[in-house]
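Remarks on the overall topology
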Amino acid sequence: MKLYEQFGSKGFHTCITTTFGIDFRAYESIVLPRLRGAGCLNNMLMADARMLTYALDGASTLPQYAGRHYTVVGIGAKGVFHPKITLQLGRQTGRLIVASANMTTPGLAGNLELAGCINYKREDSSSKQEVSGERRLLVAAWQYLRNLPDPEQQGPDCQLKWLRLPTPWLFDTEPAVGPVALSDGTDAALLRSDMTHGIGSRFAALVDERPVKRLIVISPYWDHDLQALKFLIRALEPQETLILIDSEKALFPVKAAAYLPNASLFELGKFSGESRFVHAKAIIAETARADHVLYGSANSTVAALGTDRATGSNEEVCLYRRLPRNSVIASLGLAGMLAISNRLEASTLPAYATEEPLPLEEVSLRGPGQFECLSDTLFWWPPAPSCQPEDIELLDVREEILPVVLAPLSSDTVSPRRYRMNGIENHPVFARLRFPDDSVSAPAIVTVVDKLQETIHEPRSKSAKALAVLLSEETEVRLELLDVLNQLEVLNKLKSAEADQNAAGDPGTRPARDGKDETEGETAYQTLDYDRFMADRHLRSDEPSVTRSSLAGSDFMPVQNFLNSFTIGGRGESNDPIDDAALAQGLDLGDETGDAQEALESGTEFSSHPKAEGAPPQEKNAVRSKATCKKIITAVKQFNERIKERAEAKQLGSFDVLRFRAILMIVAAAGQPGGTAASKKPTALQVLPCDGGAETWPRLIGQLVFSFFGGNCPAIRHLQIEAMHDRISDDILECWATALWAMQACMAATAHKELLKHLNPLVEQTYKGTRLTRKELENGRIAVVFERLNDRFGERLGLNPALINRAHARTIASLFALTKK
């Protein structure tokens, strides 16, 4: 096979690849475009930690997309981390590629490599057939790979945990432990070097037939004394041993071969007439009934294969196959290479010349550790606890130093060490350490968790995509937005139900590492109630900062972007013409019914409106407006009851906050001007009066805000926020700003004294309920949203923006009169 072509196969959403050496140009120009072009967006590259530093320190061109479009994880090992496997995963399919090739240009398209595939297609769930051996092998590979990264690193962990939903078959299957039968009648086993016995010993044990007629070994590298090969010969007792080498490279210890019984050397250097470097590794034991084959990453060395006395020091992965007899040599095209005419005489071969070893020990001293950032928080795992650089320099993609000031958030003894990145406008791409003698470390890739979450999110369903397109074409906040939210919620409930079903009895739960308690690695995915979160959070910086949304990577993100086009910037300007051609067409909230909120006066239900066939246009418009009023009032009631139920069940989350913001803006968009501006003719969209009845927009906004912030035990206290967020996210801040503005707008617009009596204490309770600091309330995102909402709705609602801003300032001053926060 041409290995690089496999990455362009469709049907996979995830690709995890391991390698010893790494060439970022090869990965980003050959592999990554094929993966992403085929719809595979969740990509992870695991490399030997020291070789990763070596590549970043000049052995490779620096990556352009690492940490955002894919993660690169450095893995340590007793010897070297050497496996070369690729696991591709999809909803219905999977593929395991076990190869000898590194993720480099020679490995992908230059060397002569050996690779083999195990393909899996999900069985019919209605059938009672047993789980296939292919599936069990892929699950075994998955369980090996998922335990390699440090679970404290949020980037790789979120990629691995994301797999639960779109890959259900991966989590309800027992992994293959020994050999398993495949659908073609052959056997296979995944052999890793992280077990009690070495790969060589376990291969020999799987060859359960005697005699072994021929032992055929292919390897580019060998022990100087051929100790691993001698062990295989002792264990298998072959009648003859055939060794295929590239004689011109002089990497085979000819003198040691003189002591091998019944061994012959054959030329492989010009396989099929080519002059490529032979990097393939294979061991073939031919018996009377089968060909037993071992191929993958392991060279014929003790470090890779081990012996009966040693397990091997390298981290390796190989695949064992039991295939029909006399089939392997033919399928590999090696018959000609084993002809007598191709036999080598040891006396004619060049002397053994070992390659210059890589300076891995020296490289390890230049390693800066590992870095992640989440919004404006930087996480650093030092290469050693005693590491104390003079400075950490953050770099952009051109390796230019970013003007960022790091403020420590944790002590030097805590790992990871955390820093606030003050002054950051764009996420860093690389980080390096600068020491007192002005020397610098090698650069490290900074994994940007926010961007990674957006990147790996599985492409939305056709329904979700259609809803996103609908939003992109809208110029007003209409009642139809609730329909969009309802449909998105249904889609996500179906996904969640599928995930819950997959999680039941899941044998694939990630085990603890190094004896740590299982819950320790899960803390990043626990949730905190709002009060606890706000008590433990870090304050947002006043400096320009990158954004963060708790909805990033979800189907709901287009709704946040749509609302932001009116409140943060984008399509909706205050002087844009109002599109009144289409009014709300309906609202279907399923079984979400219940009593209205108490504390503020409830809106009353309208009776069913009369049919208007044949009525004059003015009468039709009146009937239509009345129907829209009724739908908005019903939506408000149902929202309030929903919030009450979800808060009591501790299920209140980011999506409810988004819905809260959406319905507040829908009511504001439907409001008519009050006071001296009441005589101004409203648009067809403005159906809610300012004063005069239970259906006024100030009253409805009051009910909505009360549902979140009112009462003795407000719902906001039960809002659940993921603990991975150490600051309040932008989408929540934007919602709080909308609620605060809406309350000030109600106070400024209505002249209803009874309503004002209820609204006045609610304003103070809302400001307090956000638990934001004075600076946060006066500046930053709150100030931006206030300004944009004034621009968007001020004139149409008959409001004076200056008066609203002054009322906002007075409320803040009153709230913090006795504190200095």
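These numbers come from a predicted model, not from an experiment. (Residues numbered from 1 in each chain as written. Predicted model: local features only at pLDDT ≥ 70, side-chain atom pairs only at ≥ 80, totals over all residues. Heavy atoms only, no water.)

With that settled, consider the confidence of the model for the protein chain. Residues with a pLDDT of 70 or more make up 83% of the protein chain, whose mean pLDDT is 84. Low pLDDT, under 50, characterises residues 502–525; the predicted model gives this stretch 48 contacts beyond four residues in sequence or across chains. Ignoring residues within four places in sequence, the model shows residues 570–613, a span with pLDDT below 50, making 97 contacts including any to other chains. (pLDDT = per-residue confidence, 0-100. Contact = heavy atoms within 4.5 Å.)

Bringing helix H25 (residues 801–815) into the picture now. Residue pairs three or four apart in sequence face the same way in an α-helix, which turns once every 3.6 residues. Over its 15 residues, H25 extends 21 Å from the first C-alpha to the last, a length consistent with the 21 Å expected when each residue adds 1.5 Å. Buried within H25 we find Ile804, Ala807, His808, Thr811 and Ile812. All buried residues of H25 lie within an arc of 135° about the axis, which places them on one face of the element. Turned more than 90 degrees from where H25 packs its buried face, Arg810 and Ser814 sit exposed. Buried-residue contacts for H25 involve helix H21 (730–749), helix H22 (753–770), helix H23 (774–778) and helix H24 (780–793). (Helix = DSSP H or I, 4+ residues; strand = E, 2+ residues; numbered from the N terminus. Expected span 1.5 Å × (residues − 1). Buried < 20%, exposed > 50% of the residue type's maximum accessible area, 1.4 Å probe, protein only. Arc of directions from axis to C-beta.)

A separate point is the packing of aromatic side chains. A full pass over the atoms with the stated rule returns 15 aromatic pairs. Ring centres 6.4 Å apart and planes at 45° place the aromatic pair phenylalanine 660 and phenylalanine 709 in the tilted group. Placement of the pair is phenylalanine 660 in helix H19 (residues 654–669) and phenylalanine 709 in helix H20 (residues 697–709), with a sequence separation of 49 residues. As far as burial versus exposure is concerned, phenylalanine 660 and phenylalanine 709 are alike and both buried. Site record: aromatic cluster; members linked through ring pairs are Tyr530, Phe639, Phe660, Phe708, Phe709 and Trp736. Directly above the aromatic system of phenylalanine 171 lies the positively charged group of arginine 164, at a separation of 4.7 Å from the ring centroid. (Phe/Tyr/Trp six-rings, centres within 6.5 Å; stacked < 30°, edge-to-face > 60°. Lys NZ or Arg CZ within 6 Å of the ring centre and 35° of its normal.)

Turning our attention to the pairing of strand S18 (residues 391–395). Residues in a regular strand point their side chains to alternate faces of the sheet. Burial runs high along S18: four of the five residues are buried. Judged from the five bridges that link them, S18 and strand S21 (residues 430–434) form a sheet pairing that is antiparallel. Looking at the pairing, leucine 395 lines up with phenylalanine 430 of S21. (Pairing = 2+ DSSP bridges.)

Spatial ordering of the open sheet is given by S3-S2-S1-S4-S5-S6, a layout of six strands whose pairing is mixed. Either end of the sheet is taken by a strand with one partner, and the two such strands are strand S3 (71–75) and strand S6 (115–121). Strand after strand, the sheet turns through a mean of 10° between neighbouring axes, direction not considered. Pairing of strand S1 (residues 14–19) with strand S4 (residues 85–89) involves four bridges; the strand directions are antiparallel. Residue pairing across strands places threonine 17 opposite threonine 86, the latter belonging to S4. (Axes fitted to C-alpha atoms, helices over the stretch in contact; angles between N-to-C directions.)

Further remarks concern unusual backbone geometry. Note that the residue after arginine 210, namely proline 211, is joined by a cis bond; omega there is 5°. Looking at the secondary structure, you find proline 211 in the loop between helix H7 (199–206) and strand S9 (214–218). Omega for the peptide link from serine 415 to proline 416 comes to 0°, which places this bond in the cis form. Positionally, proline 416 belongs in the loop between strand S19 (405–408) and strand S20 (417–422). The phi dihedral of asparagine 326 falls on the positive side, at around 60°, and the residue is not glycine. When you line up the elements, asparagine 326 lands in the loop between strand S14 (317–324) and helix H11 (328–332). The backbone of lysine 650 shows a phi angle near 55°, a positive value even though the residue is not glycine. Position of lysine 650 relative to the elements: it lies in the loop between helix H18 (617–648) and H19. A residue is classified by how much of its surface remains accessible, and lysine 650, at 53% relative accessible area, is exposed.

With respect to the element layout, threonine 17 can be found in strand S1. According to the relative accessible area criterion, threonine 17 is buried, its value standing at 2%. For threonine 17, the side chain forms a polar contact with the side chain of threonine 86, separated by 3.3 Å. Non-local contacts of threonine 17, meaning those with residues more than four positions away in its chain, are made with Phe7, Met44, Leu45, Met46, Ile85, Thr86 and Met103. (Polar contact = N/O pair within 3.5 Å; in protein donor to acceptor, adjacent residues only side chain to side chain.)

In this section: H20. Here H20 spans 18 Å end to end across 13 residues, near enough to the 18 Å set by a 1.5 Å rise per residue. The element H20 is extensively covered by neighbouring structure, given that 13 of its 13 residues are classed as buried. A positive phi of about 85° marks glycine 711, the residue just after H20.

Quick look at the nonpolar core now. Nonpolar side chains in soluble globular proteins generally cluster together in the buried interior. Ranked by internal contacts, the top residues of the largest apolar core, which has 86 residues, are Phe660, Trp697, Phe708, Trp736 and Trp741. Top contributing element to this core by residue count: H21, with 13 residues. Met44, Leu138, Ile216 and Met337 belong to the second-largest nonpolar core, a separate cluster that totals 58 residues. (Core = buried A, V, L, I, M, F, W, Y, C linked by side-chain atoms within 4.5 Å.)

The next point concerns the sheet that holds strand S22 (residues 444–448). In a beta sheet, neighbouring strands pair by backbone hydrogen bonds and run either parallel or antiparallel. Pairing within the open sheet is mixed, and its seven strands lie in the order S18-S21-S22-S16-S17-S20-S19. Only two strands of the sheet have a single neighbouring strand rather than two, namely S18 and S19. Each neighbouring strand pair of the sheet contributes to a mean axis angle of 30°, computed without reference to strand direction. By the bridge criterion, three bridges tie strand S16 (residues 370–374) to S22 in an arrangement that is parallel. Residue cysteine 373 lies in a different strand from S22, and its bridge partner there is valine 448. The strands touched by helix H13 (residues 449–456) within the sheet are S16 and S22, with S22 carrying the most contacts at an inclination of about 65°.

Looking now at the pattern of salt bridges. Under the criterion given, the structure shown has 25 salt bridges. Arginine 420 serves as the salt-bridge partner of aspartate 376, at 3.2 Å between the closest nitrogen and oxygen. Within this pair, whereas aspartate 376 is found in the loop between S16 and strand S17 (377–381), its partner arginine 420 is found in strand S20, the two being separated by 44 residues in sequence. Overall, the relative accessible area of 0% leaves aspartate 376 in the buried class. In this structure arginine 420 comes out as buried when scored by relative accessible area, which is 5%. The closest approach of N and O atoms between arginine 781 and glutamate 734, which form a salt bridge, is 2.6 Å. Placement of arginine 781 in helix H24 and of glutamate 734 in helix H21 is noted, with a sequence separation of 47 residues between them. (Salt bridge = Lys/Arg side-chain N within 4 Å of Asp/Glu carboxyl O.)

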